[in-house]
Amino acid sequence: MTTTDEETRPTAEERSAFEEVWARPRGWRRVLTSVQHKSVGTRYMVTAAVFFFVGGVQALFMRVQLAQPEQQVLSAQTYNELFTMHGTTMMFLFAVPFLEGLAAYLLPLMLGARDMPFARYNTFNYWCYLFAGILLYSSFLVGMVPDAGWFAYVPLSGPEFADKAMDIWLFGLALAELAAIGAAIEMIVVVLGMRAPGMSLDRMPIFAWTMLSVAVMIVLAFVPLLVGSMLLELDRNAGTAFFDTERGGDPLLWQHLFWIFGHPEVYVMFLPGAAVISQVLPVHSRHRLVGYPFVVAAVVVTAIMSLGLWVHHMYTTGLPPVTLSFFTAASMSISVASGVQVVAWIATLWSGRPRLTVPMLFSLGFLFTFVAGGITGVMVASAPFDAQAHDTYFVVAHFHYVLIGGMLFPVLAGLFHWWPKFTGRIPSARLGAVSFWLTFGGFHLTFFPMHLTGLSGMPRRVFTYDATLGVGLLNLLSTVGAFVLASGFVLAAVTLLAALRRGERSGPNPWGADSLEWAADSPPSSPNFGRIPVVGSRAPLWNPPPRDPELDRMAAAFDHAPQNVRATPFTTVLDARPSTAAVQASPSIWPVVTAGGLALAFVGLLVESAWVVGASVLVIAAGFVAWELQNERELGAGEAREPVGGRYPVEAPGPRSPGWWGATAAAVVLVVAVATVAFSLLFLEVNAPVWPAGGTLGRPWLSAGTGLAVVLAIAAAWWGSRHGPLDHAATPEARGAHLTAAATTGLAGTAALVLTVAQWVTADLDHTTHAYDSGVLALLGTLGVAIVLGLGITGSALVARLTHARDVRPRIMLQNAAMLWAGVLVVWAIAWAATDLVPGAVV
Amino acid sequence: MTAVPATRPRTVRAAVAAVLIPPAAWVTALGLSYLVQDFACTAYTSSGRPPPSTVIGALVIGLDAVLLALTLAAGAVAWREHRRAAGDDSPLTGFLGLLGTALSLGFAAGIVMIAVNPLVLEVCA
Ligand code: HEM
Ligand SMILES: [Cu+2]
């Protein structure tokens, strides 16, 4: 398991060429062009930590206001703004992005890869997130702070009641969600395809299993929120009627769309937290995790079942009881799955020889708090109890137990655990322990009394309360606790930062840990591993490496290699056998440019300036074109030589290269999006008292034509992808076929776009009169966006054909295009079913 | 430990299917039960007709029963692969088999909890 193997083949020149190709940019370039997963992950975590402290200060202001009954420190309006921004900040700008950053940093290291699969896209997502945060906080500058709560219920957030503050909120949210969806695609591909040779699924760290599950949840749950926020934005600024009861809409639709996201969101935070514990606890107990397969099963069960939980947030909105009990059942099942994990952790502690290190302290604090929070959770999950405690401080107490206990304590455990890896220095154990006791004590002092204030009937989201309610003392305790808690966080931050300068040097593996990240240097070098480790067990650093010539051959081929392009091994999904070489992106300015363009577009919409919007479209388009050109140029450098080590081709068709996975994931995202719109329309249709009788889009020929054009696009791209040799050495012969295929696909796609627009223009519909008409517009709009993406990837295939000498890359790109166009076809089918088929058939 | 690809692709594929089916079946059970029951009841109520509760209830239970059978079958296959893998010394298949068995049990319980609802509660209240 050595990473710096002196007697292996690479010569000194080869080593320095390798280091050259992986060199980090310097100076201003470092800020704007770094794409390496460690710098992106660090940025995510640092930015998220800043937002955490901002959200924490907001919480302190609220606690000061609530310390005594009938205080006037803050006005009711300011209080509303503060809890809205606190909730929004903590959920969207701190918790999820922090975990994405942790995953971006750790996953490649844990899996034995050199970077994330699409490093530039990874960076693009980070910039989107940063701009989302800046956009949300610019509301303070312009004095229009959102105040509708972190779930922004309609009609409070609709056109009549909310001003521009809501638009800021919605656009900020959209950018942050876009980033999260992108991060999810990255995580899926890195876990499935870029594991070290030999790391079959049964040897994968729990953290990787969890991030895979979480990524699937993000795709299935965040897309609906993105769609929902776009629909609300349309209602607010384009006069559509999705949430307007007068015109066939329904405010409940927003609640559905929000909680389809909102409940899984809680598990998107808790599961990675639990995964951190599953990594940290065994190391500090010096014992492997007990019951690994059952922990994996529990993670999968929790992830999937959480998708079905949304309605339990709506217990008091008058849904039919059977509907509700479906979801109560799911809540209970999740509790059992969480119980399995708790048992596994306790058994690990029991069978090991635990050390009371700082990470261990935070892990124990997590266990205690989580079990306590779980108990109140079961109470909240039972429908009758919830009806009573709903919207009281009992709920506030419960979710802070889950969020802080389930996510924040594990994050602190993880930070103290991986800090030596991140920085090469060990933080002070004494200060760390003090910060643990401050946070732990402060936390319970803050939030335990809130259960009691809630049971005494204090409602949430009120800026003050009556002295006669008799909860003054409890609230005072909470406020004191909040300050103790805050001091604990500050001390933890100081401890970590101080270690940067004064901490003891750690070496690669100070804890004697078992997973691959500890085989890299501390801090890891830019390519993480000069020689890629091979894996023969679940704890590769505790067991001798496997004797397997096939694996060793791959490790040798990638030993400080290749040196003309950044690349890492790509292995098979199930058993991680050697497959191909995945090219990894080098520094680039274009991610920040395109993300900036996107943010600019939102700003333009906010200030209602066509000029700004127009300029932003130019920036985005130019940015993507330049980005694609740079990609192809680099790949050209990679394919100019033979396969890595003479065996592993630089990209190959189908699931043997990352691009195919990316295209497939993008297709899935599109399908989820259109399914959400279709669900919304169906929901409105069955719930509306009046619905246009027999209302259908009624443009069958145009619809069919659109579908046909998409089929043609798929066929042409697929046909092109079958031409030309795959071999690196073969002479190219399919240039003409590829050009024909790309051109035909492009023309067919353009025709599909024109026909889609024609459907709307010729149909006798007006999106401002009725929700059905609005829904048709949204469905056709989604189809249009899907087609534009299809055209984009087709354009990339064309660029690939024009820039490459060999045939393999254009072949792959055409195949990816066919994949994405297949997704577009499904989008078309669902849209057609929702606009014409179902309205014609139902009632 | 050498020549691991000896794990026969057929068995691995069966084990993978056994891992994927239970979650998919559960999601389908929840989604369809909710859609059928909620949308059907609401559609009838909004159009002012009395909903056919027994039919809807029976439909939901029937659907769930089919999905439950599927989940349990996946579990049986998974368990078989798990047992067989122990003999063959193929840890991956063994793991997938065990995972599939655990998932099948978990999601089967989930489907049962979904299916009993229309039995004990009024379907279109
Ligand atoms: C650092 C310590 C924290 C304190 C003292 C604190 C305190 C509070 C207080 C006083 C409220 C307002 C309750 C009300 O009036 O209804 C609140 C709401 C909330 N908090 Fe925290 N909180 C903390 C950390 C967190 C964290 C880490 C998260 C999430 C990861 C979080 C998520 C929320 C959410 C989602 C709300 C609801 C906002 C809304 O009603 O729209 N909080 N918190
Ligand atoms: Cu929930």
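Trainee: Can you explain a nonpolar patch on the surface? Please cite residues and give values.
Mentor: A cluster of nonpolar side chains, contributed by Leu 473, Leu 476, Leu 477 and Val 480 of chain A, occupies part of the molecular surface with about 340 Å² of accessible area. On the secondary structure map, Leu 476 of chain A appears in helix α15 (residues 472–502).

Trainee: Describe the pattern of salt bridges, listing the residues and the values that go with them.
Mentor: Residue and element names in this part refer to chain A. Counted by the stated rule, this structure contains 12 salt bridges over all chains. One salt bridge connects Arg 801 with Asp 807, and the closest N-O pair in it is separated by 2.8 Å. Relative accessible area serves as the criterion here: at 1%, Arg 801 is assigned to the buried category. Judged by relative accessible area, Asp 807 falls into the buried class, the value being 2%.

Trainee: Please give an account of the pairing of strand β3 (residues 567–571) of chain A that cites residues and values.
Mentor: Within β3 of chain A, 5 of the 5 residues are buried, which leaves the element mostly enclosed by the surrounding structure. The turn joining β3 of chain A and strand β4 (residues 578–583) of chain A, which pair antiparallel and follow one another in sequence, is formed by 6 residues; a positive phi near 55° is taken by Ala 576 of chain A.

Trainee: Tell me what's going on with the domain arrangement of chain A, and back it up with residues and numbers.
Mentor: All names here are of chain A. Assigned domains within chain A: domain 1 (37–505) and domain 2 (651–842). A straight line from the C-alpha centre of domain 1 to that of domain 2 covers 35 Å. Contact with domain 1, which involves 26 residues of that partner, is made by 26 residues of domain 2. For the pair domain 1 and domain 2, the summed buried area comes to about 2000 Å², and 82% of that belongs to carbon and sulfur atoms. For the domain 1 face of the interface with domain 2, the top three residues by lost area are Phe 242, Arg 247 and Gly 248, together amounting to 21%. Taken together, domain 1 and domain 2 are joined by 0 salt bridges.

Trainee: Please give an account of the nonpolar core that cites residues and values.
Mentor: Residue and element names in this part refer to chain A. Counting residues in hydrophobic clusters, the biggest one holds 274 residues, and the most contacted among them are Trp 169, Phe 207, Trp 254 and Phe 258. When residues of this core are assigned to their parent elements, the largest contribution, 21 residues, is made by helix α4 (residues 76–111). Looking at this core, you find at least three residues from each of domain 1 (37–505) and domain 2 (651–842). Once you skip the residues sitting within four places of it in the chain, Trp 254 turns out to touch Phe 151, Ala 152, Tyr 153, Val 154, Trp 169, Leu 170, Leu 225, Gly 228, Ser 229, Leu 232 and Phe 243. Residues Ala 741, Ala 800, Met 813 and Leu 814 belong to the second largest nonpolar core, which totals 6 residues.

Trainee: I'd like to hear about empty space enclosed by the protein, residue by residue, with values.
Mentor: Once rolled over the atoms, a probe with the size of a water molecule shows which space is left empty. Residue and element names in this part refer to chain A. Across all of its chains, the model carries 5 cavities of 30 Å³ or more by this definition. Considering only enclosed or pocket space, the largest cavity measures out at about 70 Å³ in volume. At the level of elements, α4 and α6 (164–193) are the ones that each hand at least two residues to the lining of the largest cavity. With 5 residues, the single largest contributor to the lining of the largest cavity is α4.

Trainee: Can you explain helix α13 (residues 393–423) of chain A? Please cite residues and give values.
Mentor: All names here are of chain A. Within α13, the axis deviates most sharply at His 417, by approximately 45°, and proline Pro 420 lies no more than four positions further along. Across the 31 residues that make up α13, a large majority, 29, are buried. N-cap assignment for α13: the residue whose side-chain oxygen lies 3.1 Å from the backbone N of Phe 394 is Thr 392. Just downstream of α13, Gly 424 is the residue with a positive phi angle, here 80°.

Trainee: Let's hear about the packing of aromatic side chains: which residues, and what values?
Mentor: Residue and element names in this part refer to chain A. One pass over the full model with this rule turns up 58 aromatic pairs over all chains. Between Phe 270 and Phe 370, the ring centres sit 4.6 Å apart and the planes meet at 5°, which makes this aromatic pair stacked. Remark: Phe 370 occurs in helix α11 (residues 358–381) and Phe 270 occurs in helix α8 (residues 251–285); sequence separation between them is 100 residues. The burial state of Phe 270 is the same as that of Phe 370; both residues are buried. A centroid spacing of 5.8 Å and a plane angle of 20° characterise the contact between Phe 362 and Phe 416, whose relative ring orientation is stacked. With Phe 362 in helix α11 and Phe 416 in helix α13, this pair connects stretches of sequence that are 54 residues apart. The residues Phe 362 and Phe 416 share a single accessibility class, namely buried. Of the aromatic side chains, those joined through ring pairs into one cluster are Phe 92, Trp 150, Phe 151, Trp 169, Phe 222, Phe 242, Phe 243, Trp 254, Phe 258, Trp 259 and Phe 261. Above the plane of the ring of Tyr 292 lies Arg 538, whose end atom (NZ or CZ) is 3.7 Å from the centre.

Trainee: Provide a residue-level description of the packing of α4 of chain A against helix α7 (residues 206–237) of chain A, including the pertinent values.
Mentor: Residue and element names in this part refer to chain A. The geometry of α4 relative to α7 is characterised by a closest axis approach of 11 Å and an angle of 140° between their N-to-C directions. It follows from the interaxial angle that α4 and α7 lie oblique. Taken as a pair, α4 and α7 cross one another with a handedness that is left-handed. Residues Phe 92, Val 96, Leu 99, Leu 102, Ala 103, Leu 106, Leu 107, Met 110 and Leu 111 of α4 form the contact with α7, whose own contacting residues are Phe 207, Ala 208, Met 211, Phe 222 and Leu 225. Taken together, the residues that form the contact of α4 with α7 break down as 14 nonpolar, no polar and no charged.

Trainee: I'd love a proper account of helix α9 (residues 292–306) of chain A, names of residues and values included.
Mentor: Taking 1.5 Å of rise per residue, 15 residues should cover 21 Å, and α9 of chain A covers 21 Å from first to last C-alpha, within 8% of that figure. In terms of burial, α9 of chain A is a largely internal element, 14 of the 15 residues being buried.

Procedures and definitions
- Residues numbered from 1 in each chain as written.
- Chains lettered and ligands numbered in written order.
- Predicted model: local features only at pLDDT ≥ 70, side-chain atom pairs only at ≥ 80, totals over all residues.
- Heavy atoms only, no water.
- Patch = residues over 30% accessible without salt bridge, like charges linked within 9 Å, V, L, I, M, F, W, Y side chains within 5 Å.
- Areas by Shrake-Rupley, 256 points an atom, 1.4 Å probe, with all protein chains shown as cover.
- Salt bridge = Lys/Arg side-chain N within 4 Å of Asp/Glu carboxyl O.
- Helix = DSSP H or I, 4+ residues; strand = E, 2+ residues; numbered from the N terminus.
- Buried < 20%, exposed > 50% of the residue type's maximum accessible area, 1.4 Å probe, protein only.
- Pairing = 2+ DSSP bridges.
- Domains from an automatic or database assignment.
- Contact = heavy atoms within 4.5 Å.
- Buried area = accessible area lost by both parts, 1.4 Å probe.
- Core = buried A, V, L, I, M, F, W, Y, C linked by side-chain atoms within 4.5 Å.
- 1 Å grid on protein atoms, 1.4 Å probe; cavity = no way out; pocket = protein on both sides within 12 Å on 5 of 7 lines; lining within 4 Å.
- Points joined across faces, edges and corners; volume = space filled by probe spheres on them.
- Bend = angle between axes of the 7 residues up to and from the residue.
- Polar contact = N/O pair within 3.5 Å; in protein donor to acceptor, adjacent residues only side chain to side chain.
- Phe/Tyr/Trp six-rings, centres within 6.5 Å; stacked < 30°, edge-to-face > 60°.
- Lys NZ or Arg CZ within 6 Å of the ring centre and 35° of its normal.
- Axes fitted to C-alpha atoms, helices over the stretch in contact; angles between N-to-C directions.
- Parallel < 35°, antiparallel > 145°, perpendicular 65-115°, else oblique.
- Left-handed = near helix turned anticlockwise from the far one by under 90°.
- Nonpolar A, V, L, I, M, F, W, Y, C, P; charged D, E, K, R; others polar.
- Expected span 1.5 Å × (residues − 1).

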